[in-house]
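Topology and contacts: notes
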Amino acid sequence: FYVFGLSPVLDRFLSISLFLKCLISVVIIAPAAFFLGMPFPNGLAALTEKRPKILPWAWGMNGALSVTGSMMATLISVSRGFSVVLFIAMGLYILAGILFSANERVA
């Protein structure tokens, strides 16, 4: 939806009040924010249970990649467009899911 349907929705509501724009933004962003917020806490829970010694490393990587990721997302969206950022993010989340699943089988 964000890649193909977001622009028409936003274009349709350009002339509405600021309050309604904020409300529509929350409705559009909330589902993705909810589901994209799950992998890190779930990963921390799994690490706490199976590999607690690398928990500080996970927190450090989260901090470093949060800063780097936000900067790279801005640069890529300005130079290539927001759709490219969305596709890269989808690919990285899929890769993280695959690696997490593979790690669960090994550990």
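Notes on the structure follow.

What counts and what doesn't
Residues numbered from 1 in each chain as written. Predicted model: local features only at pLDDT ≥ 70, side-chain atom pairs only at ≥ 80, totals over all residues. Heavy atoms only, no water. Helix = DSSP H or I, 4+ residues; strand = E, 2+ residues; numbered from the N terminus. Buried < 20%, exposed > 50% of the residue type's maximum accessible area, 1.4 Å probe, protein only. Contact = heavy atoms within 4.5 Å. Areas by Shrake-Rupley, 256 points an atom, 1.4 Å probe, with all protein chains shown as cover. Patch = residues over 30% accessible without salt bridge, like charges linked within 9 Å, V, L, I, M, F, W, Y side chains within 5 Å. Salt bridge = Lys/Arg side-chain N within 4 Å of Asp/Glu carboxyl O. Axes fitted to C-alpha atoms, helices over the stretch in contact; angles between N-to-C directions. Parallel < 35°, antiparallel > 145°, perpendicular 65-115°, else oblique. Left-handed = near helix turned anticlockwise from the far one by under 90°. Nonpolar A, V, L, I, M, F, W, Y, C, P; charged D, E, K, R; others polar. Phe/Tyr/Trp six-rings, centres within 6.5 Å; stacked < 30°, edge-to-face > 60°. Lys NZ or Arg CZ within 6 Å of the ring centre and 35° of its normal.

Comments concerning the overall build of the protein
Secondary structure summary: the protein contains five helices and zero strands in total. When the helices and strands of the protein are listed from N to C terminus, the series reads α-α-α-α-α. For the protein, the C-alpha atoms occupy an extent of roughly 55 × 30 × 25 Å along the three principal directions. Every one of the 107 residues in the protein was classed for burial, and the buried ones make up 10%. For the protein, the share of sequence-separated contacts (at least 6 apart) that also reach a separation of at least 24 residues comes to 47%. Surface accessibility of the protein: about 8300 Å² in total, with carbon and sulfur atoms responsible for 75%.

As for a nonpolar patch on the surface
Together, Phe4, Phe87, Met90, Ile94 and Ile98 give the surface a local cluster of nonpolar side chains, amounting to about 580 Å² of exposed area. Owing to a relative accessible area of 55%, Ile94 belongs among the exposed residues under this scheme.

Observations regarding the packing of helix α3 (residues 39-50) against helix α4 (residues 55-80)
Axis separation between α3 and α4 bottoms out at 10 Å; the angle between their running directions is 160°. Classed by the angle they form, the pair α3 and α4 counts as roughly antiparallel. Of the two possible hands of crossing, α3 and α4 adopt the one that is right-handed. Of the residues in α4, those in contact with Phe40, Leu44, Leu47 and Thr48 of α3 are Leu55, Ala58, Trp59 and Asn62. Along the lines of polarity and charge, the residues of the contact of α3 with α4 split into six nonpolar, two polar and no charged.

Topic: the packing of aromatic side chains
Applying the stated criterion across every chain yields a total of two aromatic pairs. Between Phe34 and Phe35 the ring centres are 5.1 Å apart and the planes differ by 80°, which places this aromatic pair in the edge-to-face class. Using a relative accessible area of 54% as the deciding quantity, one classes Phe35 as exposed. Ring plane angle 85° and centroid distance 5.1 Å describe the contact between Phe40 and Trp59, whose orientation is recorded as edge-to-face. With Phe40 in helix α3 and Trp59 in helix α4, this residue pair connects regions lying 19 residues apart in the sequence. In this structure, Arg12 packs its charged tip against the face of Phe13, placed 5.9 Å from the ring centre.

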